[in-house]
Amino acid sequence: MIRYIFKRLLQLIPVLIGITFLSFAMMRLAGGDAVTYMYENAGAAVSQEIIDKTKAEYGLDKPFPVQYANWFSGMVTGDMGESYVSHRDVYETFTSKLPATIMLTLSSVVLTVLLAVPLGILSAVKHNKWIDHVIRFLSFVGNSMPNFFAAMVLMYFLSVKLGILPVVTNSDLGQSIILPTLTLAVSMAAKYTRQVRATVLEELNKPYVMGAKARGIRGSVIIWKSVMKASMLTIITLLALSIGNLLGGTAIVENIFMWDGVGKLAVDAINMRDYPIIQAYVAWMAVIYVLVNLVTDILYHYLDPRVRLGGDRA
Amino acid sequence: MSGEKKITVRKQKTRKNHTRAKLIFFLILTAVLLLIAAFAKYLCPYDPYAQDLTLAQKAPCPEHLLGTDRYGRDMLSRVITGSTVSIYGTLILVAVITVVGTVIGILCGWRGGKTEAVLMRISDLFLAFPGLVFALAVAAVLGGGIQNAIIALAVIGWPKFARLARGLTLTQKASPYLMAVKLSGSSTGKLLIKHILPNIAGPILVTAVLDIGTMMMELAGLSFLGLGVKPPMAEWGSMINDGRSMLQIAPWMVLAPGAAIFITVMIFNLLGDTVRDYMDPRERNRGK
């Protein structure tokens, strides 16, 4: 087990280098004229001399690999330069916004599980009954709705028509988090209900279920004790994948509801061409995503005896 | 012998479900959408860009079936016009990632060795990013514009198809018929295009069709964030963005383009599901 974790951590190194290099290189492709743009933003026409001086100040005149090495060591030590626009420390800005996004992500994942797992099981157990059709129809509808439109619809009915929730984030956290969470959870739950249903259905068709039934074990016991245990793995994998989706999806939802997290920060930065912030966002999001995937793999490894035994032999 | 054969045929007929009929139905619906998008110019009741401030924010009425926006532009005309960019933009995007991904995948699967190692590591790298995050970054680098939004999503979209095509090519590579093709002196190019490609096209096509809905939503999402089309161009995502500040007084500004995306994505998703069922012989023959 420890050997496996160690091996996975080693494998992580080239991926992390690749990710950071890619995000760095991309921003540099565009970042060359960032200085010019910065002065244009300020409304001042400046000479080439000042541009060169500013470039030197930000280290933009050094060779590319040197710039990357500097930036990478900065990323590790928490010094990612300062924003072109607000001139605040990038790392600080980013970490101050991160908790809000993580909170939103977690609340959405929890709500997604609370919706998708029971509905998926219900749908599988009542296979081809009317309730199955209703759930499948709803999940299909949720699946075909872009999250920004779902956000608008929820906002329209819950805030504008009924007036029970604030339209955008206000000081009351408990109320403010409901709409963004609901938006993110609706589309994810739609997707995962289908998957949970398929998994449970497959499990229900396995011979051991028939065996258990033949021995007179109650249906509910079979489902909760045996089928759920076997389906858990798929559900955990799905959750990990959904966190990846969420990290990107929050960018849109945070913007709609003015939720002050990194997604909103990134979109604002894109509009202002604040490259250091975008860079930090892309690199950190990818790192978080990769780490979440790693934890999932380890969890998977730990939970499933089949994978565990197979993995150790290899 | 022949009698027995007849019985099996009949048995299949009676158990046959409606996949084929469904497929035709959804293909027709898709064709209608494509035609609307193609001839949008001639279908609009009004000029989608003509502003008339005296008519601003009119609720839906017989003259303006979906109401008007804040500049008095007819929503129905704008929704119809927007379909061109939304639908054909998405189709181009899916076509690009399918073709690029498939070509790279086949090459990797066939050549193996260094080519495969390098290209697959690159695709791993792209898969390591949460999709929209990377697309946002690419869009940021390239600036706005619908072409750039398509490029941004294409950059992040191709590895999925490359992986699929590679896996399929590898299974084909091991099959005996390819040995025969090689022995009969066929050139590699001919072998890849005439033999491998047709044999792996099915699953790739299914994945591509199933991908259309998702891609359409992501493209609209980028436009919604202001990273897609530039105003005043009509596109569903940016129209929703336009209308969102008016949600309280003119909800139709959001609901009309939103419903358009929703219905279109739904039709493409239904088409994708049906194509998948149709291509899968197990599904096709499994009676309900």
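Since we're looking at a predicted model, the values are computed, not measured.

A. Representation of the overall build of chain B in the model. Check the secondary structure of chain B and you find 12 helices and 0 strands. When the helices and strands of chain B are read in sequence order from the N terminus, they spell out α-α-α-α-α-α-α-α-α-α-α-α. C-alpha atoms of chain B, sized along the principal axes, occupy 75 × 55 × 30 Å. Taking all 288 residues of chain B together, the buried fraction comes to 42%.

B. Geometry of the overall build of chain A. A count of helical and extended segments in chain A gives 14 helices and 0 strands. The order of α-helices and β-strands along chain A, N terminus first, is α-α-α-α-α-α-α-α-α-α-α-α-α-α. Within chain A, counting contacts between residues at least 6 apart in sequence, those at least 24 apart form 73% of the total.

C. Quick peek at the nonpolar core. Ranked by internal contacts, the top residues of the largest apolar core, which has 142 residues, are Ala 266, Ile 278 and Tyr 281 of chain A together with Ala 135, Leu 136, Ala 137 and Leu 153 of chain B. In this structure, Ala 135 of chain B is in contact with Ala 152, Leu 153, Ile 156, Glu 218 and Leu 222 of chain B, ignoring residues within four places of it in sequence.

D. Layout of unusual backbone geometry. One non-glycine residue, Asn 128 of chain A, lies in positive phi territory at about 65 degrees. Asn 128 of chain A sits in the exposed class, given 10 other C-beta atoms within 10 Å.

E. Fine view of the interface of chain B and chain A. Taken residue by residue, the interface counts 33 residues in chain B and 37 residues in chain A. If you list the elements that add at least two residues to the side of chain B that touches chain A, you get α6 (131-142), α9 (188-224) and α11 (252-279) of chain B. Looking at the side of chain B that touches chain A, the element that brings in the most residues is α6 of chain B, giving 9 residues. Broken down by class, the residue content of the side of chain B that touches chain A amounts to 25 nonpolar, 7 polar and 1 charged.

F. Structural detail: the packing of helix α4 (residues 75-111) of chain B against α9 of chain B. Residues and elements named next belong to chain B. Between α4 and α9, the shortest axis-to-axis distance is 8 Å and the interhelical angle comes to 140 degrees. Considering their axes alone, α4 and α9 lie oblique with respect to each other. Crossing hand, α4 versus α9: right-handed. Between α4 and α9, the contacting residues are Ser 86, Gly 89, Thr 90, Leu 93, Val 94, Thr 98, Thr 102, Ile 106 and Trp 110 on the first element and Leu 192, Ile 196, Ile 204, Ala 208, Asp 211, Ile 212, Met 215, Met 216, Leu 219 and Ala 220 on the second. Classifying every residue of the contact of α4 with α9 gives 13 nonpolar, 5 polar and 1 charged.

G. Focus on helix α5 (residues 90-125) of chain A. Helix length check: α5 of chain A (36 residues) gives 51 Å between terminal C-alpha atoms against 52 Å at 1.5 Å per residue, within 8%. Most pronounced at Leu 98 of chain A, the bend in α5 of chain A amounts to some 30 degrees, and the proline Pro 99 of chain A follows within four residues.

H. Just the confidence of the model for chain A, in detail. With 89% of its residues at a pLDDT of at least 70, chain A reaches an overall mean of 80. Looking across chain A, the model is least confident in helix α14 (residues 305-313) of chain A, with a mean pLDDT of 57, and most confident in helix α6 (residues 130-143) of chain A, with 90.

I. Up close: the packing of helix α13 (residues 275-303) of chain A against α6 of chain B. Where α13 of chain A meets α6 of chain B, the closest approach of the two axes is 10 Å, and the angle between their N-to-C directions is 155 degrees. With respect to each other, α13 of chain A and α6 of chain B are oriented roughly antiparallel. As for the relative orientation of α13 of chain A and α6 of chain B, their crossing is left-handed in sense. Facing α13 of chain A, whose interface residues are Ile 278, Val 282 and Met 285 of chain A, α6 of chain B presents Val 133, Phe 134, Ala 137 and Ala 140 of chain B.

J. A look at the environment of Ser 123 of chain B. Along the chain, Ser 123 of chain B turns up in helix α5 (residues 113-127). For Ser 123 of chain B, a count of 21 C-beta atoms within 10 Å puts it in the buried group.

K. Looking closely at the environment of Ala 201 of chain B. With respect to the secondary-structure elements, Ala 201 of chain B resides in helix α9. Taking the C-alpha atoms as reference, Ala 201 of chain B lies 17 Å from Thr 274 of chain B; in sequence the two are 73 residues apart.

Rules behind the numbers
- Residues numbered from 1 in each chain as written.
- Chains lettered and ligands numbered in written order.
- Predicted model: local features only at pLDDT ≥ 70, side-chain atom pairs only at ≥ 80, totals over all residues.
- Helix = DSSP H or I, 4+ residues; strand = E, 2+ residues; numbered from the N terminus.
- Buried ≥ 20, exposed ≤ 12 C-beta atoms within 10 Å, placed from the backbone.
- Contact = placed C-beta atoms within 7 Å.
- Core = buried A, V, L, I, M, F, W, Y, C linked by C-beta atoms within 7 Å.
- Nonpolar A, V, L, I, M, F, W, Y, C, P; charged D, E, K, R; others polar.
- Axes fitted to C-alpha atoms, helices over the stretch in contact; angles between N-to-C directions.
- Parallel < 35°, antiparallel > 145°, perpendicular 65-115°, else oblique.
- Left-handed = near helix turned anticlockwise from the far one by under 90°.
- Expected span 1.5 Å × (residues − 1).
- Bend = angle between axes of the 7 residues up to and from the residue.
- pLDDT = per-residue confidence, 0-100.

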